[in-house]
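Read off the chains here:
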Amino acid sequence: MRLDKFISDNSALSRSQVRDAVKKGLVKVDGIIIKQADFKISPETSSVEYAGNIISYRKNRYILLNKPAGFVCSTNDPESHTVLELVPPELSKKVFPAGRLDKDSEGLVLLTDDGELSHRILTPEKHVPKFYIVKLAECFKIQYIDLFASGISLSNGEVCMPAKVFPVENNDLWAIVELREGKYHQVKRMFASVGNKVEYLFRFCMGNLKIPEKLAIGDCMELMHKDVEKLIQTPDYDCILRKLYVYFSSYLINK
């Protein structure tokens, strides 16, 4: 790989900024100053420094964002703020949202440049579940459980895959939903089909990957490989529910 491409891909610097830095002797490869921007390196084995700082190589990048309301899951939108605006420049290059979360909804969004993983977690046939907690306009009804499990018919005639829904203990305006697909505004449309309305939605888990308790709304973090693997693991329901109640008691109950 070209030296300027490597540094640009793995830092906040543009290709032109990298070329200027190389000319000024600010870049080293394996301890030797290199002044050719097109110098070829091995991304996996070469040690690259810029201004004394090691530039770490990532074949792919995975960012977990705790999305606030008011941002759209897009790389570019002339009318709205996008989730990429919440990611530091050194992490945001080439990444895109792996799936949607409504503009007025909050919670877990994965941003990555790994198209294969994105396809894998978004394809309904792969059965990667997404978990949401929602606040309803009217009290949860026990019949919702069977209706969701049998496949909700939406107002336009679409039929959803079977889903799980159950109430939050001691608070009948809140419910937990598990989906294995991602139709447009699906959770809201499902509750509308049973005569209720979603007033607030928070996604807190995908697969077995949960938002860390200390990751505040609007903050993001880079995921390590071992964390990315949790996306395709069988969910640990007990652990997920414990995490959920931490969020619910400390943050969501005030919504």
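Further up the page is the structure itself.
Please read these numbers as outputs of a predicted model, since none were measured by experiment.

(A) Quick peek at the overall build of the protein. The helix and strand tally for the protein stands at eight helices and 15 strands. Across its three principal directions, the C-alpha atoms of the protein cover 70 × 35 × 35 Å. Going through the 255 residues of the protein one by one, you find that 47% of them count as buried. In the protein, once contacts between residues fewer than 6 apart in sequence are set aside, the share between residues at least 24 apart is 67%. Within the protein, one finds 36 positive and 33 negative side-chain charges whose respective centroids are separated by 4 Å.

(B) Fine view of helix α6 (residues 186-193). Taken residue by residue, α6 has Gln186, Val187, Arg189, Met190 and Phe191 as its buried positions. Packing partners of the buried residues in α6 comprise β10 (130-136), α5 (144-150), β11 (164-168), β12 (171-179) and β13 (198-206). Directly beyond the C-terminal end of α6, a positive phi value near 85° is found at glycine 195.

(C) Geometry of the pattern of salt bridges. Enumeration over the complete set of coordinates arrives at 15 salt bridges. Of the charged contacts, one joins arginine 15 and aspartate 4 as a salt bridge, the two residues approaching to 3.5 Å between their closest N and O atoms. Residue arginine 15 is located in helix α2 (residues 15-23), and its partner aspartate 4 is located in helix α1 (residues 3-9); the two are separated by 11 residues in the primary sequence. Exposure remark for aspartate 4: the relative accessible area of 0% places this residue in the buried category. A salt bridge links aspartate 227 to lysine 226, with the shortest nitrogen-to-oxygen separation between them at 3.7 Å. Judged by its relative accessible area of 13%, aspartate 227 is buried. The exposed category is assigned to lysine 226, whose relative accessible area is 57%. The structure contains a network of salt bridges with shared partners spanning Arg2, Asp4, Arg15 and Arg19.

(D) Up close: the packing of aromatic side chains. Scanning the model with the defined rule gives seven aromatic pairs in all. Ring geometry for phenylalanine 140 against tyrosine 144: centres 5.2 Å apart, planes inclined by 80°, an arrangement best described as edge-to-face. For the residue pair phenylalanine 140 and tyrosine 144, the accessibility class agrees, reading buried in each case. Through successive ring pairs, a cluster of aromatic residues spans Phe140, Tyr144, Phe148 and Phe191.

(E) Spatial organisation of the nonpolar core. Counting residues in hydrophobic clusters, the biggest one holds 34 residues, and the most contacted among them are Leu111, Val134, Phe148, Val177, Val187 and Phe191. Those elements giving two or more residues to this core turn out to be β5 (62-67), β9 (106-112), β10, α5, β12, α6 and β13. Not counting chain neighbours up to four residues away, the residues in contact with leucine 111 comprise Arg61, Tyr62, Ile63, Leu65, Val83, Leu84, Val87, Val95, Phe96 and Pro97. Leu110, Tyr200, Leu209 and Tyr247 belong to the second-largest nonpolar core, a separate cluster that totals 29 residues.

(F) Just the environment of valine 72, in detail. The topology assignment puts valine 72 in strand β6 (residues 71-72). Note: C-alpha distance between valine 72 and threonine 45 (27 residues apart in sequence) is 38 Å. For valine 72, the residues in contact, after removing those within four places along its chain, are Asp77, Ser80, His81, Thr82, Val83 and Lys103.

(G) Molecular detail of the sheet that holds strand β2 (residues 32-33). In space, the four strands of this open sheet follow the order β2-β1-β3-β4, with antiparallel pairing throughout. A single partner strand is all that each edge strand has here, and the edge strands are β2 and β4 (53-54). Judged from the two bridges that link them, strand β1 (residues 27-29) and β2 form a sheet pairing that is antiparallel. Within the sheet, the bridge partner assigned to lysine 28 lies in β2 and is isoleucine 33.

(H) Up close: α2. Within the sequence span of α2, burial applies to Val18, Ala21 and Val22. All buried residues of α2 fall inside an arc of 100° around its axis, so they share one side. The secondary structure elements touched by the buried residues of α2 are α1, β1 and β3 (48-50). Immediately beyond the C-terminal end of α2, within one or two residues, lies glycine 25, with a positive phi of roughly 75°.

Calculation rules
Residues numbered from 1 in each chain as written. Predicted model: local features only at pLDDT ≥ 70, side-chain atom pairs only at ≥ 80, totals over all residues. Heavy atoms only, no water. Helix = DSSP H or I, 4+ residues; strand = E, 2+ residues; numbered from the N terminus. Buried < 20%, exposed > 50% of the residue type's maximum accessible area, 1.4 Å probe, protein only. Contact = heavy atoms within 4.5 Å. Lys, Arg positive; Asp, Glu negative; His and termini not counted. Charge placed at Lys NZ, Arg CZ, Asp CG, Glu CD. Salt bridge = Lys/Arg side-chain N within 4 Å of Asp/Glu carboxyl O. Phe/Tyr/Trp six-rings, centres within 6.5 Å; stacked < 30°, edge-to-face > 60°. Core = buried A, V, L, I, M, F, W, Y, C linked by side-chain atoms within 4.5 Å. Pairing = 2+ DSSP bridges. Arc of directions from axis to C-beta.

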